[in-house]
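Given next are the chains, with one letter for each unit.
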Amino acid sequence: ERLRDVDPKKVDLIVQSASEGQGIRDAIHVRKTGTGYVLVDGRHRLAACPRLGLDDVEAVIWKCTADQARFMEADANLSNGFLTPLDMAVSLAERKRVYEKMYPETRRGAASAAARQGHERTEMSFCDYVGEVIGITARQARRIASAGEALESDDVAALQGVSRHLKMNDLYEIAKVSE
């Protein structure tokens, strides 16, 4: 249950880079669960290991909830810089879901309700926050996250198999149909 599929071209790049240097540069990140470990970040690095003949890879182990792990995965994807519009929409939607779960007062409409009761919001809205961090407007962040929220996991899988590159406007139109 990852936010995005393995991109064979990215794995090729990691294999080439690792072959020319000192191996895989960054550790993968995992979360300890009751039944073992779950990958949080590093799927492409992990996919490169068999091709490099590596049986072991350095890992950072996190003690965190499933929601915190999804938050970290979404952040890792967003900080990547090489996301397709589909990956961006899915990652932003998941980060928004977890952010608003952690900070319910930041949900749209919650601030005005809290203000009516005399409470002050201490956190930025998700769209204001992420827009500031990744350099887009809050409106753009809202539209991208909404497009990702409108997609079910089977929709995402089907769209990942599309031969032509999807543009963000394609996702906005798909989201309108899904509503």
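Above this text is the structure in question.
This report concerns the structure included in the present document. (Residues numbered from 1 in each chain as written. Predicted model: local features only at pLDDT ≥ 70, side-chain atom pairs only at ≥ 80, totals over all residues. Heavy atoms only, no water.)

**Quick look at the overall build of the chain**
In step 1: Within the chain, the regular secondary structure consists of 9 helices and 3 strands.
In step 2: The linear arrangement of helices and strands in the chain, starting from the amino end, is α-β-β-α-β-α-α-α-α-α-α-α.
In step 3: Looking at the chain as a whole, 36% of its 179 residues are labelled buried.
In step 4: Entry remark: accessible area of the chain is about 11,200 Å², with carbon and sulfur atoms responsible for 50%. (Helix = DSSP H or I, 4+ residues; strand = E, 2+ residues; numbered from the N terminus. Buried < 20%, exposed > 50% of the residue type's maximum accessible area, 1.4 Å probe, protein only. Areas by Shrake-Rupley, 256 points an atom, 1.4 Å probe, with all protein chains shown as cover.)

**What to know about the sheet that holds strand β3 (residues 59–62)**
In step 1: Spatial ordering of the open sheet is given by β2-β1-β3, a layout of 3 strands whose pairing is mixed. In this open sheet, the two edge strands, each paired with only one partner strand, are β2 (36–41) and β3. Here the average twist between neighbouring strands, direction ignored, is 35°.
In step 2: One ladder, built from 4 bridges, connects strand β1 (residues 28–33) with β3; its direction is parallel. For His29, the partnering residue across the bridge sits in β3 and is Val60.
In step 3: Packing of helix α2 (residues 43–52) onto the sheet brings it into contact with β1 and β2, and relative to β2 it is tilted by some 115°. (Pairing = 2+ DSSP bridges. Axes fitted to C-alpha atoms, helices over the stretch in contact; angles between N-to-C directions. Contact = heavy atoms within 4.5 Å.)

**Some points on the side chain of Arg95**
In step 1: Take Arg95: it is sitting in helix α4 (residues 85–102).
In step 2: Contact partners of Arg95, with chain neighbours within four places excluded, come to Phe71, Ala74, Asp75, Leu78, Phe126 and Tyr129.

**So, the packing of helix α1 (residues 8–20) against α2**
The packing of two helices is summarised by the inter-axis angle and the distance between the axes.
In step 1: Packing of α1 against α2 brings their axes to within 9 Å, and their N-to-C directions diverge by 55°. As judged from the angle between their axes, α1 and α2 are oblique. The two elements α1 and α2 meet at a crossing, and its hand is right-handed. Seen from α1, the contacting residues are Lys10, Val11, Asp12, Ile14, Val15, Ala18 and Ser19; seen from α2, they are His44, Arg45, Ala47, Ala48, Arg51 and Leu52. (Parallel < 35°, antiparallel > 145°, perpendicular 65-115°, else oblique. Left-handed = near helix turned anticlockwise from the far one by under 90°.)

**Description of helix α6 (residues 126–134)**
In step 1: Of the positions making up α6, those classed as buried are Phe126, Cys127, Val130 and Gly131. Summarising the axial view, the buried residues of α6 lie within an arc of 120°, below the 170-degree limit, and thus occupy one face. Pointing more than 90 degrees away from the buried face of α6 are the exposed residues Glu132 and Val133.
In step 2: Those residues of α6 that are buried are in contact with α4 and α7 (138–149). (Arc of directions from axis to C-beta.)

**Details of the layout of surface pockets**
In step 1: Quantified by volume, the second largest pocket comes out at close to 550 Å³.
In step 2: Lining the second largest pocket are 20 residues, and of these Asp7, Thr84, Asp87, Gln160 and His165 sit closest to its centre.
In step 3: Taken together, the residues of the lining of the second largest pocket sort by class into 9 nonpolar, 4 polar and 7 charged. (1 Å grid on protein atoms, 1.4 Å probe; cavity = no way out; pocket = protein on both sides within 12 Å on 5 of 7 lines; lining within 4 Å. Points joined across faces, edges and corners; volume = space filled by probe spheres on them. Nonpolar A, V, L, I, M, F, W, Y, C, P; charged D, E, K, R; others polar.)

**With respect to α1**
Side chains three or four residues apart in an α-helix point the same way, a direct result of the helix having 3.6 residues per turn.
In step 1: Spanning 13 residues, α1 covers 18 Å between terminal C-alpha atoms, matching the ideal 18 Å at 1.5 Å per step.
In step 2: For α1, the full list of buried residues reads Lys10, Val11, Val15 and Ala18. One face of α1 carries all of its buried residues, which in axial projection span an arc of 140°. Exposed side chains of α1 directed beyond 90 degrees from the buried face belong to Lys9, Leu13 and Glu20.
In step 3: Two or three places before Lys9, at the start of α1, stands the capping residue Asp7, its side-chain oxygen 2.9 Å from that residue's backbone nitrogen. (Expected span 1.5 Å × (residues − 1). Polar contact = N/O pair within 3.5 Å; in protein donor to acceptor, adjacent residues only side chain to side chain.)

**Observations regarding the pattern of salt bridges**
In step 1: Counted according to the given criterion, the structure contains 12 salt bridges.
In step 2: The closest approach of N and O atoms between Glu94 and Arg70, which form a salt bridge, is 3.3 Å. Taken together, the residues Glu94 in helix α4 and Arg70 in helix α3 (residues 66–80) connect sequence positions 24 residues apart.
In step 3: Note that Glu173 and Lys176 form a salt bridge whose closest N and O atoms lie 3.2 Å from each other. (Salt bridge = Lys/Arg side-chain N within 4 Å of Asp/Glu carboxyl O.)

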